[in-house]
Amino acid sequence: MFSWQIVEHGKPLQRVLQDAPKPVGTEVLVRVTRAGVCHSDLHFVDGLWPLPGPAVLGHEAAGIVEKAGKNVTYVKPGDKVIACLSVFCGFCDQCMSGHPYRCSNTAATRRAKGDTPRLSMKGKRIRQLADIASYAEKMLLHENAVVKIGDEIALDRAAIIGCGVTTGLGAVLN
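On a predicted model such as this, the values are computed, not experimentally measured, just so you know.

On to the sheet that holds strand E5 (residues 61–68), then. What the 5 strands build is an open sheet, ordered E10-E3-E5-E6-E11; its pairing is antiparallel. Whereas interior strands pair on both sides, the edge strands pair on one side only; in this sheet they are strand E10 (138–142) and strand E11 (146–149). Going across the sheet, the axis of each strand differs from the next one's by a mean of 45°, ignoring polarity. Bridge count between strand E6 (residues 80–83) and E11: 4 bridges; the pairing is antiparallel. When the bridges of E11 are listed, Ile82 appears paired with Val147.

Take a nonpolar patch on the surface next. Nonpolar side chains collect at one region of the surface, where Ile160, Ile161, Val165, Leu169, Val172 and Leu173 lie side by side and expose about 550 Å² of accessible area between them. Within the secondary structure layout, Leu173 lies in helix H4 (residues 161–173). Owing to a relative accessible area of 63%, Leu173 belongs among the exposed residues under this scheme.

Before going further, it helps to examine the confidence of the model for the chain. Averaged over all residues, the pLDDT of the chain is 89; the fraction at 70 or higher stands at 100%. In the model of the chain, H4 stands out as the element of lowest mean pLDDT, 76, in contrast to E5, which has the highest, 97.

The rules behind each value
- By convention here, each chain's residues receive numbers from 1 onward along its written sequence.
- Side-chain atom pairs in this predicted model are given and counted only at pLDDT of 80 or more, local residue features only at pLDDT of at least 70, and totals for whole chains, interfaces and linings cover all residues.
- With hydrogens and water stripped out, all remaining heavy atoms of the structure feed into the side-chain values.
- Two strands pair under a simple rule: DSSP has to find at least two bridges between them.
- Helix and strand labels come from DSSP, where a helix needs a run of H or I of at least four residues and a strand needs a run of E of at least two; each type is numbered from the N terminus.
- Working convention: axes come from line fits to C-alpha atoms, limited for helices to the stretch in contact. Angles between N-to-C directions cover 0 to 180 degrees.
- To count toward a patch, a residue needs a relative accessible area over 30% and no salt bridge; like charges are then connected within 9 Å, while nonpolar side chains (Val, Leu, Ile, Met, Phe, Trp, Tyr) are connected within 5 Å.
- For accessible areas, the Shrake-Rupley method is used with a probe of radius 1.4 Å. Any residue's cover is judged against the shown protein chains and nothing else.
- A carboxyl oxygen of Asp or Glu within 4 Å of a side-chain nitrogen of Lys or Arg is what we treat as a salt bridge.
- Note on exposure labels: buried denotes an accessible area under 20% of the residue type's maximum, exposed denotes more than 50%, and partly exposed covers the range between, all computed with a 1.4 Å probe on protein chains only.
- Confidence of the prediction at every residue is given by pLDDT, a number between 0 and 100.

The following block contains the structure:
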């Protein structure tokens, strides 16, 4: 599987072959069909916001679920989804009080320390920006990091909902 990675700040992203990710538990493997380029990603490329490499950027994306871990209940292979920045555990105080966007237990949505990393190259961990990493052919995400969308919604337009639309709309409304 290929991804576009930061190898050195201030240099163009490099197309790199990485290990094929496999979903476990509550993870889903999503084939990226469209990815937005947010200005935040450019800050990481330029080194204005440090992110040690290797790292796969991107946090605005739409795609198709290819595989699901055995504990996934929300989506199934073939579902159209968008990636969501505000991944949530579903059981902390913030989630239970109706504020999943303020989740205080994001560690519950990640693999445990010592487990095989979600993204890797020759077994070495690759960082996922915002636990998403949409500048790859496929994203390996917790099921609470995706939002299912209807078949009538075009994926090229849906890709920017996860950040660009919500950020812009939030700025206007708030």
